[in-house]
Amino acid sequence: MFHIKKTLPYILLRKIYKKYYYKNVNFKKNPIYKIDNFPKEVWLENTNHCNASCIMCPRELQTRKKGLMKMDLYRKLIDEMSVHKNMVERLHMHNFGEPLLDKKLPERIKYAKDKGIKHVYFVSNASLLTSQIAETLIKSGLDQFKISFYGIDKETYNETMVDLDYETTLSNVKNFFNIRKKLNSTTPSVSIQLIPQLLKKGQIEKWYEQFENLLDPSVGDSIIEVPIHNFSDGRKYNNINQMVTDICPYPWRTMVILQNGKVSPCSHDFNGSIDLGDVNFLTISEVWNGQQYKKIRDSFKNLNYSNYSACNNCDVPRNAPALEHN
């Protein structure tokens, strides 16, 4: 991947690109950037605690206070979402943490489903997915969850997903499918995620073999391969010195609410450095339609990320925008 220095030719090239881009692409007609008065996806960070220290995740750089989202705040947010439930495509019950550390997670999921939220989802490392928790999650009404699983044996897994144990987690994953089948349930569907760059040549086939005969495509189970990313300025896997070419789509469809009620534009802002509002004092709608969100959308439309440190160092707008990193 080549690098472009910010010389005069670079600056001129960027100006030409922007002029061409806006002349030939009708921003308003692109469905990705159609703005509604309520976010299509809401991420509620039930906790930013985690029991792992995975090498691709910059947990050691997180300085914001760790905790659990208060249940009163959670209910307030779900109650508001229920009023707009026809607009909310998915509720994420996670962000920068391991959601299964929250003992009230099944209760939270059930509350959301009882309020008519149509799709509830979270991402987990599955290390805590015991038989009891698995059964409780299935009965809670959870629609889908994704398992991050990076390794093909004890050595590769434990070196990547530090502080976790390969055999324990793999056993949990296999056991979950047995319990779901025993309960004759078609939900939740399960996606198992692979980041190919974390494996060596010839190991990907072995990774797939671990999950043979487990997944049921008829209920939506799947394998997902995603590219590795930088978590803003948390890691340096991808080049961030190339020319900005994309409008990041997150502020047009996604709101991330941290466990303390602060609002961040996306999950890549792991430290919550971009403050778009506080739902302890405002509603989701007020924040979404407020000046801070309008400002960030205006900046992004002009490919200007310089006022947002986390975004200015992010690899997403320098590659194809991706909404499924997490």
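Model, not experiment: these values are computed from the prediction.

*Asks:* Explain the overall build of the protein residue by residue, including any values.
*Replies:* Scanning the protein from terminus to terminus reveals 11 helices and 8 strands. In the protein, which comprises 326 residues, the share counted as buried stands at 52%. Intrachain contacts of the protein at a sequence separation of at least 6 include 74% that bridge at least 24 residues. Carbon and sulfur atoms form 53% of the exposed surface of the protein, whose accessible area is close to 15,700 Å².

*Asks:* Describe the side chain of Thr254, and please don't skip the residues or the numbers.
*Replies:* Mapping Thr254 onto the fold places it in strand β7 (residues 254-257). In contact with Thr254, other than residues within four places in its own chain, are Glu41, Trp43, Pro265, Trp288 and Tyr293.

*Asks:* Go over unusual backbone geometry with me, naming the residues and quoting the values.
*Replies:* Trans peptide bonds make up the majority, and among non-glycine residues the majority have a negative phi. The omega torsion of the bond from Thr187 to Pro188 falls at -5°, within 30 degrees of zero and hence cis. One non-glycine residue, Ser232, lies in positive phi territory at about 60°. Relative to the helices and strands, Ser232 is located in the loop between β6 (222-225) and α8 (250-253). We classify Ser232 as buried; its relative accessible area is 2%. Although it is not a glycine, Leu303 sits at a positive phi angle of roughly 55°. Note that Leu303 resides in the loop between α10 (291-301) and α11 (309-312).

*Asks:* A description of the pattern of salt bridges should follow, citing residues and the corresponding values.
*Replies:* For the structure shown, the criterion picks out 18 salt bridges. Between Glu41 and Arg90 there is a salt bridge, with the nearest N and O atoms lying 4.0 Å from each other. You can see Glu41 sitting in strand β1 (residues 41-44) and its partner Arg90 sitting in strand β2 (residues 90-92), a full 49 residues away along the chain. Looking at Arg90, the relative accessible area reads 10%, which means it is buried.

*Asks:* Quick rundown of the packing of helix α4 (residues 131-140) against helix α6 (residues 166-182)? Include the residues and the values.
*Replies:* Put simply, α4 and α6 touch, their axes get as near as 10 Å, and they point 45° apart. Taken together, the axes of α4 and α6 are oblique relative to one another. In the packing of α4 onto α6, the handedness of the crossing is right-handed. For the pair α4 and α6, the contacting residues are Ser131, Ala134, Glu135 and Ile138 in the first and Asn175, Phe176, Ile179 and Arg180 in the second.

*Asks:* Explain the confidence of the model for the protein to me, using residue names and the numbers behind them.
*Replies:* Should pLDDT be low for a region, the predicted coordinates there are not to be read in detail. With 87% of its residues at a pLDDT of 70 or more, the protein shows a mean pLDDT of 88. This stretch, residues 1-25, has a pLDDT under 50; its non-local contacts, to residues over four places away or in other chains, come to 30 contacts. Per-residue pLDDT stays below 50 along residues 320-325; that stretch engages in 21 contacts with residues further than four places along the chain or on separate chains.

*Asks:* Report on the packing of aromatic side chains, specifying residues and quantitative values.
*Replies:* To describe a pair of aromatic rings, you give the distance between the ring centres and the angle between the ring planes. Here the structure, examined in full by the defined rule, presents 14 aromatic pairs. Here the aromatic rings of Phe149 and Phe211 are separated by 5.3 Å at their centres, their planes lie at 90°, and the arrangement is edge-to-face. Here Phe149 is found in the loop between β4 (144-148) and α5 (154-160), whereas its partner Phe211 is found in the loop between α7 (204-209) and β6, with 62 residues between them in sequence. Assessed through its relative accessible area of 4%, Phe211 is described here as buried. With 6.0 Å between their ring centres and 85° between their planes, Phe300 and Tyr308 make a pair best called edge-to-face. Taking the relative accessible area as the measure of exposure, Phe300 reaches 1% and is therefore buried. Grouped by ring-pair contacts, the aromatic residues Phe149, Tyr157, Tyr166, Trp207, Tyr208 and Phe211 constitute a single cluster. Seen from the ring of Tyr121, Arg90 lies directly overhead, with NZ or CZ sitting 4.0 Å from the centre. Arg297 extends its terminal NZ or CZ atom over the ring of Trp288, reaching a point 4.6 Å from the ring centre.

Cut-offs and rules
Residues numbered from 1 in each chain as written. Predicted model: local features only at pLDDT ≥ 70, side-chain atom pairs only at ≥ 80, totals over all residues. Heavy atoms only, no water. Helix = DSSP H or I, 4+ residues; strand = E, 2+ residues; numbered from the N terminus. Buried < 20%, exposed > 50% of the residue type's maximum accessible area, 1.4 Å probe, protein only. Contact = heavy atoms within 4.5 Å. Areas by Shrake-Rupley, 256 points an atom, 1.4 Å probe, with all protein chains shown as cover. Salt bridge = Lys/Arg side-chain N within 4 Å of Asp/Glu carboxyl O. Axes fitted to C-alpha atoms, helices over the stretch in contact; angles between N-to-C directions. Parallel < 35°, antiparallel > 145°, perpendicular 65-115°, else oblique. Left-handed = near helix turned anticlockwise from the far one by under 90°. pLDDT = per-residue confidence, 0-100. Phe/Tyr/Trp six-rings, centres within 6.5 Å; stacked < 30°, edge-to-face > 60°. Lys NZ or Arg CZ within 6 Å of the ring centre and 35° of its normal.

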